[in-house]
Amino acid sequence: MINIKPFNFNYEFLTIAKPQGKSITIKPGETVRAEVIDILPSGGVVLRMKGGHLTVNTEIPLQKDTSLLLKILNTPEMDHRLKFQIVAVLGKEGSISLNPRADLSLSQLVSLLSSGKLKDSFINSLMEMLPQKFNTLDNSQKNILVSILLNSINSSGRWFFQKAQEMFKENFVPIRDLTPDRLRNAILNTGVFFESKLKKGSVSIDDDLKFKALKSIGSGDESLRELVKVIDHFQVISRLTDGVFTFLPILWNDLERGDIYVQEKSRNGKKGFLCTIDLNFSDLGDLQISIFLYEKDLMITFFVQNDSFRELINNEIKELKDRLSVYFDNVFLKFKTKKEENLVLRDNILHLKV
C-alpha cells in the first residue's frame, strides 16, 4: 500500500564513516539511491550504493531493507567534505517519506522513483491502492503518482498494441474510415466512458478490449498482460485526476506516438476549451496543433516539424480560415517555431493516447 507522507525527522543528513570493499565514485550535486543492508550496534548504517558499500553515521532511526534517495552535498564549512542529504525514505511496505527541505524538482523525483527495480515494486504497490484511499492524497502527492504512471506508460513498448490490433480488429477503426460519429463512438466505448455504460447495463462487457485481453491471458496467452497493465494505469490516473485518460482504438499507419488533451479553460467567469493534438510520425516528425475555443472566438496554432508539410498547410490556410469564419466571430491561425514539451496536467482533463 502506497503511503506518501512528509519527512518528519529533525535530522536530514548522513555523514560518511568509512567505505567498504570496492571504491565508489560520487560527486557533489548528484542524487543517488541507496539500500540499507545492515544496522550496526554502534548506530552506524551500512548502505549499498553504486555497486559498493558505505558505512554512514546518522541520527535517523532507519530500518534494514528500506531504500533512500540521497543528494550529495559539498560542504565548505566541513572543509569540503561530502555530506548526504536524505531526499526520501522508501519503506519496504511501500511507504514514502519526502523531505520538504530537499531541493529536488518533481521531474527528478519521478525519474528516481521510476528507475530500475524500484519502479516495479513502487508501481505494483500503487496499483494495489483501493479507490477510496485516493481521497486522502493532496494535490502534490497526486501529481507525483500521476507523473510516475505516465512515465511508466510512455516508456512501455508498443508491440502489445500491435498484438491487440491483430487479435481484436473489431475494436479498432482505420484512420481512413474515421468519421465524426465513429470518433465519438470510439471515445465513448473506451476507458471510464465504457465503464459508465457498464454500470448502467447498456453495453456488454464482452465488447470491452480489456475483458478480451484478460480472457486471452486466462487461456494461457501472456502476450497481452502489458496491454492490461497500461489500461489499469490509465484507470488509476483517471481516478487520481478526476479526468479521463485512455487510448483511442484507431489504426494509423506511420504514427509513432499520439496524445490528445482536452481541458476546460475558464476566463472572466466564462468557459473556454483547449484541445492540444500532439502527434509524431515516422515520415513527417512532430505535429502539434492547439485549438482554443472561447465563446465564438477560435484560435489555432500549428507546430509542424516537416518543412514540406508545413508549406502544404500554409498554402491552404486562407481557405481553412474562410471556412471556419462561417461558424465563428473571430478566427486566428498562426504557426509557431517551437512545440510545447511539458503539457500541464490539471483536474477534469481528457487525455487520449493514439
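Please refer to the structure placed before this passage.
All values reported here derive from a predicted model rather than from experimental measurement.

Chemist: Got a minute to help me understand the packing of helix H7 (residues 209-218) against helix H8 (residues 225-241) in this structure?
Modeler: How two helices pack is summed up by the angle between their axes together with the distance between the axes. Packing of H7 against H8 brings their axes to within 9 Å, and their N-to-C directions diverge by 145°. By crossing handedness, the relation of H7 to H8 is classed as left-handed. Where H7 abuts H8, its residues Leu209, Lys210, Ala213, Leu214 and Ile217 lie against Arg225, Leu227, Val228, Ile231, Asp232 and Gln235. Looking at side-chain class alone, the contact of H7 with H8 contains 7 nonpolar, 1 polar and 3 charged residues.

Chemist: Got a minute to help me understand the sheet that holds strand E16 (residues 330-335) in this structure?
Modeler: Each strand in a sheet pairs with another by means of backbone hydrogen bonds, the pair being arranged parallel or else antiparallel. Reading across from one edge, E10-E17-E12-E13-E14-E15-E16 is the order of the 7 strands in this open sheet, with mixed pairing throughout. A single partner strand is all that each edge strand has here, and the edge strands are strand E10 (244-247) and E16. Strand after strand, the sheet turns through a mean of 10° between neighbouring axes, direction not considered. Pairing analysis gives 8 bridges linking strand E14 (residues 285-294) to strand E15 (residues 297-304), with the strands arranged antiparallel.

Chemist: Just checking my understanding: could you explain the packing of aromatic side chains for this structure?
Modeler: What characterises a pair of aromatic rings is the spacing of the ring centres plus the angle enclosed by the ring planes. With the rule as written, the count across this model stands at 3 aromatic pairs. Here the aromatic rings of Trp252 and Phe281 are separated by 5.5 Å at their centres, their planes lie at 65°, and the arrangement is edge-to-face. Placement of the pair is Trp252 in the loop between strand E11 (250-251) and strand E12 (255-264) and Phe281 in strand E13 (residues 272-281), with a sequence separation of 29 residues. Here Trp252 falls in the partly exposed class, since its relative accessible area comes to 30%. Relative to Phe335, the ring of Phe302 lies with its centre 5.4 Å away and its plane at 35°, an arrangement referred to as tilted.

Chemist: Quick question: what am I supposed to make of the packing of helix H4 (residues 159-167) against H8 here?
Modeler: Relative orientation of the contacting elements H4 and H8 amounts to 105°, with a least axis distance of 8 Å. Judged on the interaxial angle alone, H8 and H4 are roughly perpendicular. Here H4 contributes Trp159, Phe160, Phe161 and Ala164 to the contact with H8, which in turn contributes Glu226, Leu227 and Val230. A breakdown of the residues in the contact of H4 with H8 according to their chemical character gives 6 nonpolar, no polar and 1 charged.

What counts, and at which threshold
- Residues numbered from 1 in each chain as written.
- Predicted model: local features only at pLDDT ≥ 70, side-chain atom pairs only at ≥ 80, totals over all residues.
- Heavy atoms only, no water.
- Axes fitted to C-alpha atoms, helices over the stretch in contact; angles between N-to-C directions.
- Helix = DSSP H or I, 4+ residues; strand = E, 2+ residues; numbered from the N terminus.
- Left-handed = near helix turned anticlockwise from the far one by under 90°.
- Contact = heavy atoms within 4.5 Å.
- Nonpolar A, V, L, I, M, F, W, Y, C, P; charged D, E, K, R; others polar.
- Pairing = 2+ DSSP bridges.
- Phe/Tyr/Trp six-rings, centres within 6.5 Å; stacked < 30°, edge-to-face > 60°.
- Buried < 20%, exposed > 50% of the residue type's maximum accessible area, 1.4 Å probe, protein only.
- Parallel < 35°, antiparallel > 145°, perpendicular 65-115°, else oblique.

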